[in-house]
Structures are given as C-alpha cells and as structure tokens.
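Structural overview
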Amino acid sequence: MDSGLTQSKNQLLHVDIYIDEHEPRIGILDLLSRLRPHWKMQDIQMKAFTEGITNQLIGCFVGSLQEPGCVLVRLYGRMTELYVNRDQEVEMFQVFHAHGCGPEIYCSFQNGICYEFVRGAVLDDELLRQPSIYRLIAAEMGKIHSIQPKRGLPAEPLLWTKMSHFLKLVQTNINNSPAEQRSAKRPAAPQEVPSCEALSAEMDSLKRHLSQIDSPTVLCHNDLLTKNIIYNHKEGTVKFIDYEYADYNYQAFDIGNHFNEFAGVTDVDYSLYPSRELQRDWLAAYLESYKHSSGCEVTVTEAEVTQLYIQVCKFSLASNFFWGLWAILQSRYSSIDFDFQRYAKARLNYYFEKKEEYFGLTMSQLTCSTCEEKP
C-alpha cells in the first residue's frame, strides 16, 4: 500500500496530505490519484460549490457530475476543529450510510474528507414550501430519527453540552483577543449582541424550561437548512448531507431547527417562517414516517400533532440561541466572506421576540384554538 495511505480494520482510509485552501487543485489531484487511479488527470473536472458558509466544497468528476463515481472534497473551515468533533462527524457519515440515509465516505485527509456525490440538486427555498417536497423531507427525518444507538446504549442529547462549549469559546475569545487582533473586515461589535453574562443567564433559563419537556432523544441531523437537502426529481427522493453537527439530540430540536431555516441564511427573513397550517401538515407526515420506521401503529391523531407542535415551537428557541452563539464564534474565527455578526443578531433577536409566546404555549390553549378554527 502507498505510504501516504493508512487504514485499519473497520476504520476509515486516511490519506496523509494537506490541501491548500487557496490553491486546492494540485492537492486534490494528488488525492484523486490514490482514490481514482483510473481517472486520467487531463480529464478531471472540478466544480466549486459556493453555498456553504463553514467549509469549502469541491466536486470532482470525469464526464458529468451526475454520473456514478463522482467525488466531493470538503476542506475544513479555519478553526472549525474548536467546535466540530471530526471523529463524530465521520462516525455519523458511516451510520447514515449504513441505514441508506446518506452517501459513502471514502477517506479523510489532514484538513478534510472525501465522500460520494449525492445525485440531484440542492433544494431551493421555494421548493421547501411545496407539500409534495416538504412531506418527503418530513418522512426522511422520521426515518433517521428511528435509527437506534449502537448496542442499544442510552443516548444523551447533544444540545446542552454543545451549547455550553460554544459559550465558553465565546467567553474565552472575548477575554483573550484584543480588538486590534479581530478581523478588520468583520469587526466584532459586542454592543450588537448580548453580553457573555446575559447569554449565560439566558442559556440557564432556556435549559430549565426545556428540560421539563418530554421530547425523545433521537438521531438528529441538527443542521437541516435547504443547502443540506438534495432533491432527486427523477427518483422523487430527498437525502440529507453534511453531518458536522449530527448526533443524538432532542427530536423537537431537529424539527424546530429545520423550521427556522425557512427564514434563509444570507438574508434572514422570519416572515418566511412556516405557517401553523404548514407545520401541522409537516408534523403529521413526520409522525407517520417515524411511527412506521419505529415499528409502531401508524395512526396519527390531532392531539399528537398538537403536542409535537408545541414542543417544536419551544425547541425552535433553542435552535435560534444555538446558532446565534455559533455565529458569534464564526465572526471571530472564520475566513469565509459572510457577515456572521449580522446573522448572530438576526437569530438572537428572533429568539427574544418569540420567547414569551412560545414558552406560554399549552395543549389546552391550542386545542381550543383549533376547535374554533373548524367550521
């Protein structure tokens, strides 16, 4: 075996090379010479995908990108190892693939990974609202949420551990980084977001409230924005990609997080947040799939939909808080050209705007409201 390749039984192949993020082609060709030795160098084409705001993603192919055998090369974003567990990400790739829910991962290298290209197109914001599409997404999430932990071990939700880690990194960065060391292009503006003390107190309050909610711990994607959904029109299927944050977590968080993503990323607009009617239809499709995949009776009642709707609203608050913290971190570390400070402000503002309303939701309140809406 080539000395640049290492692989142990049941472990992922590792190629010991580093790819320059500014001039990646040479390093990628070196990588492909080992992964796809039958490809002729002069025939290899590359396409950079620009949707991501954390990593660089480059598709490599001969002929057409939609043909089998194409390789995606992902270069990790600057300092992302501080808040992304790369070993966990690889494990999640393997779990999703083993259950028919994700692409095969081919190898890792010093600053990234290579994996199978999922045929189809990245979902756009308009398709996200079409019933035939969002029901596919709901059904796919239901299938993923039914995947059981290895060896039947109890799973702990990722949310509070990860959120606490983010907050500590924010506190450390503010304490240790003089203003002159911060990016001139995206200067930190602490007055635009709450102080670390306020964020810490808010997280404690959020945890106290949400810990009283009996949302199951399931295998979650945790980052299901539109650009992480691939729609195959010919096959009538959707697949989820990008497992940097995938782990066991609260069921309602994963769904509420997806609903938040209806507002978009580049220009966050919460007027696009799904209506209650859309959410209830989505949740009914989800519950049907989740029950079917879990081997349960598939009948879904209005009461079950209402209960899940309330849980999802409340956990959507945690999603906004989570990504608000994440964006504060990214504004200090990332080399990607994106206004993370503005994004953090948008997510946190909506959290505070909806907090009182969502914390106050109850079954009796919504059951009465639903009855009044019926003719």
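Definitions and limits used
Residues numbered from 1 in each chain as written. Predicted model: local features only at pLDDT ≥ 70, side-chain atom pairs only at ≥ 80, totals over all residues. Heavy atoms only, no water. UniProt positions renumbered as here; feature names shortened; annotations may be inferred. Helix = DSSP H or I, 4+ residues; strand = E, 2+ residues; numbered from the N terminus. Areas by Shrake-Rupley, 256 points an atom, 1.4 Å probe, with all protein chains shown as cover. Buried < 20%, exposed > 50% of the residue type's maximum accessible area, 1.4 Å probe, protein only. Salt bridge = Lys/Arg side-chain N within 4 Å of Asp/Glu carboxyl O. Pairing = 2+ DSSP bridges. Core = buried A, V, L, I, M, F, W, Y, C linked by side-chain atoms within 4.5 Å. Domains from an automatic or database assignment. Contact = heavy atoms within 4.5 Å. Expected span 1.5 Å × (residues − 1). Polar contact = N/O pair within 3.5 Å; in protein donor to acceptor, adjacent residues only side chain to side chain.

You'll find the protein entered in an unreviewed UniProt entry as ethanolamine kinase, with Kryptolebias marmoratus given as the organism. Taken directly from UniProt, the Sequence similarities (unreviewed entry) text for the protein runs: "Belongs to the choline/ethanolamine kinase family." Regarding the protein, the UniProt comment filed under Pathway (unreviewed entry) reads as follows: "Phospholipid metabolism; phosphatidylethanolamine biosynthesis; phosphatidylethanolamine from ethanolamine: step 1/3."

**Examining the overall build of the protein**
A count of helices and strands for the protein gives 10 helices and 12 strands. With the model as given, the accessible surface of the protein reaches about 17900 Å², and the carbon-plus-sulfur share is 49%.

**Brief notes about the side chain of Thr80**
Among the secondary structure elements, Thr80 is positioned in the loop between strand E5 (71–75) and helix H2 (86–98). Among the residues examined, Thr80 registers a relative accessible area of 2% and is labelled buried.

**Considerations on the pattern of salt bridges**
Per the counting criterion, the structure on display carries 15 salt bridges. When the shortest N-O distance is used, the salt bridge between Lys239 and Glu140 registers 3.8 Å. Taken as a pair, Lys239 in strand E11 (residues 237–240) and Glu140 in helix H3 (residues 131–145) lie far apart in primary sequence, 99 residues in all. For Glu140, a relative accessible area of 9% translates into the label buried. For Lys354, the salt bridge goes to Glu357, with nearest N and O atoms at 2.8 Å. Note that Lys354 and Glu357 are positioned in helix H9 (residues 340–359) at a spacing of 3 residues, about one turn of the helix. One salt-bridge network, in which partners are shared between bridges, spans Arg74, Arg86, Glu89, Asp242 and Glu244.

**A word on the pairing of strand E10 (residues 229–232)**
Neither face of E10 is exposed, since Ile229 and Tyr231 on one face and Ile230 and Asn232 on the opposite face are all buried. In terms of strand pairing, strand E8 (residues 121–122) meets E10 through 2 bridges, oriented antiparallel. What sits directly across from Ala121, in E10, is Tyr231. The pairing of E10 with E11 spans 4 bridges and is classified as antiparallel. Following the sheet pairing, Tyr231 is matched in E11 by Val238. Linkage of E10 to E11, two consecutive antiparallel strands, is achieved through a turn of 4 residues, within which Gly236 is found at a positive phi near 65 degrees.

**Some details on the nonpolar core**
One finds Ile137, Leu206, Trp282 and Trp326 to be the most contacted residues of the largest nonpolar core, which totals 102 residues. No other element matches helix H8 (residues 302–333), which puts 18 residues into this core. Each of domain 1 (24–116) and domain 2 (121–174 + 194–367) gives at least three residues to this core. Here Leu206 is in contact with Trp160, Met163, Leu317, Ala318, Phe321, Tyr351 and Phe359, once residues within four sequence places are set aside. The next biggest cluster of nonpolar side chains, apart from the first, holds 20 residues, and it includes Ile28, Leu35, Ile58 and Val71.

**Looking at helix H7 (residues 276–293)**
For H7, which comprises 18 residues, the first-to-last C-alpha distance of 25 Å matches the rise-based estimate of 26 Å (1.5 Å per residue) to within 8%. The set of residues buried in H7 consists of Leu278, Gln279, Arg280, Trp282, Leu283, Ala285, Tyr286, Leu287, Ser289, Tyr290 and Lys291. Note on H7: the residue one or two positions beyond its end, Gly295, has a positive phi of about 80 degrees.

**Comments concerning the environment of His165**
Tracing the backbone through its elements, the reader meets His165 in helix H4 (residues 159–176). Classification of His165 as partly exposed rests on a relative accessible area of 32%. Each C-alpha atom, one on His165 and one on Leu325, is 9.9 Å from the other, the two residues being 160 residues apart in sequence. Beyond its immediate chain neighbours, meaning those up to four positions away, His165 contacts Leu82 and Tyr83. In this structure the side chain of His165 is engaged in a polar contact, spanning 2.6 Å, whose partner is the backbone oxygen of Leu82.

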